[in-house]
Amino acid sequence: MQPPPHPARTRRRPLRPAAASAAALALTGLLPGTALAGGRGGGQDGDRTEVHRAGTAEVGTGRRPRITDHMRIASAVKAFSGAVTLRLVDRGALGLDDAIGERLPDLPAAWHAVTLRQLLQHTSGLPDYSDSVAFRAVVTADPHHVFDPHHLLDHVFDQPLGFAPGTQYRYSDSDNIAAALMAEAATGRPYERLLARLVTRPLGLTETTPPRGYELPEPYLHGYDVVPPDPPEDVSTLFGASGSWASGGIVSTPADPSAFIRTYGGDGFLKPPTRQAQTDRVPGASEPAGPGTNAAGLALLRYTTRCGGVYGHTGNTAGYTQFAAATPDGRRSVTVSVTEQISQRTRPALLVQLRAVEEDFVCRLLNGPGH
């Protein structure tokens with residue numbers, strides 16, 4: 001999810017590479033094993049974690065970023081909410097071909113034919129509530145506004161589908177909101193409880209939470225709006241999390257997504273038929289695009305680089321940009337976290353550089369040191 005421009009600070013000059021004060025942290029698990037990233041958990045022989053970091057966790061303090069510092073993971077959340085719905089598919093509580101009209105009949109009739117599969121692959125055609133004038137007006141007036149996630153789609157109730165379901169790819173925050181609502185309808189349980197029960201608790205992701213407010217738990221990586229020659233402006237707590245919910249509302253650490261994607265991006269998390277459906281792909285990218293050639297599965301992207309392919313997800317929001325990916329066998333993972341929003345819209349030149357760095361880390365992940 002990309003929030004509206006900072007209400008008190010609009011960009012009026014060409015963008016240049018970020019100031020060196022913003023933090024960049026890359027976390028790679030280069031050898032096989034089951035230990036969670038950052039040294040928590042199993043501790044098998046041969047496990048190894050590499051951490052590469054630059055800048056500071058907070059401008060002016062000199063404090064170095066750590067893999068246990070908190071941050072917003074933005075649209076990388078879509079992989080987490082996808083994990084919830086796909087686990088429910090495995091358990092028979094949901095079907096990939098279940099339609100909105102069956103599970104959420106109160107949503108507009110024009111949307112009723114859209115299936116869970118299409119929501120998870122962004123081929124639904126649902127209008128993106130986060131781009132709507134009504135939603136952005138609320139956030140601009142009060143960035144800390146607490147939304148009821150069950151009514152986020154109300155902002156686009158009067159809009160038709162953008163295309164016939166299944167005929168095109170278009171990245172939309174509405175898709176993951178609708179998928180989470182389907183999960184709630186199928187189980188009678190809140191999404192937050194499903195996330196804990198099916199994903200974060202089984203994987204030991206103790207620092208991964210879906211808050212609805214704007215605050216971040218200490219310590220955290222401060223996120224910045226960087227508009228040279230002005231000094232970086234701290235926007236870590238500018239926006240609340242409720243407006244993105246299942247499409248981008250999780251707070252975590254660099255360590256937790258690395259552990260998560262190693263399981264979710266690998267072969268052992270889902271039953272074989274669900275995994276096969278998850279990895280059937282169409283051309284498409286998340287926001288921002290990841291390294292190499294991007295293709296979209298179900299709440300999971302395939303990044304085909306010069307060194308081979310990995311599965312993962314990206315994300316960006318005010319102050320933060322994320323990339324997490326794993327080898328197809330789930331034995332190795334990489335996470336890259338930057339404390340500035342970098343996207344084609346905000347920083348096109350810097351995004352080219354970031355994708356090149358991500359590809360270098362993927363090559364190191366696939367081929368070992370020296371690549």
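In the block above lies the structure referred to throughout.
Here the structure is a predicted model, which is why all the values come from computation and not from measurement.

Calculation rules
- Residues numbered from 1 in each chain as written.
- Predicted model: local features only at pLDDT ≥ 70, side-chain atom pairs only at ≥ 80, totals over all residues.
- Heavy atoms only, no water.
- Helix = DSSP H or I, 4+ residues; strand = E, 2+ residues; numbered from the N terminus.
- Buried < 20%, exposed > 50% of the residue type's maximum accessible area, 1.4 Å probe, protein only.
- Contact = heavy atoms within 4.5 Å.
- Areas by Shrake-Rupley, 256 points an atom, 1.4 Å probe, with all protein chains shown as cover.
- Disulfide = S-S within 2.5 Å.
- Salt bridge = Lys/Arg side-chain N within 4 Å of Asp/Glu carboxyl O.

(A) Inspection of the overall build of the protein at higher detail. From N to C terminus, the protein includes ten helices and twelve strands. Counting across all 371 residues of the protein, residues that qualify as buried make up 57%. Partitioning the contacts of the protein with sequence separation of at least 6, the portion at a separation of at least 24 is 71%. Of the accessible surface of the protein, which amounts to about 14,200 Å², a share of 53% is contributed by carbon and sulfur atoms.

(B) Here's a closer look at the state of the cysteines. Applying the stated criterion across every chain yields a total of one disulfide. Covalent S-S linkage joins C307 and C363, the inter-sulfur distance amounting to 1.9 Å. What sets the handedness of the C307 and C363 disulfide is the S-S torsion sign, and at about 95 degrees it is right-handed. Remark: C363 occurs in helix α10 (residues 348-367) and C307 occurs in the loop between β9 (301-305) and β10 (308-317); sequence separation between them is 56 residues.

(C) Representation of the pattern of salt bridges. A complete count under the given rule lists 13 salt bridges for this structure. Close ionic contact of D267 with R275 constitutes a salt bridge, the shortest N to O distance being 3.1 Å. Accessibility expressed as a relative area gives 48% for D267, which makes it partly exposed. Of the charged contacts in the structure, one is a salt bridge between E359 and R306, with a shortest N-O distance of 3.3 Å. With a gap of 53 residues between them, E359 in helix α10 and R306 in the loop between β9 and β10 connect regions that are remote in the sequence.

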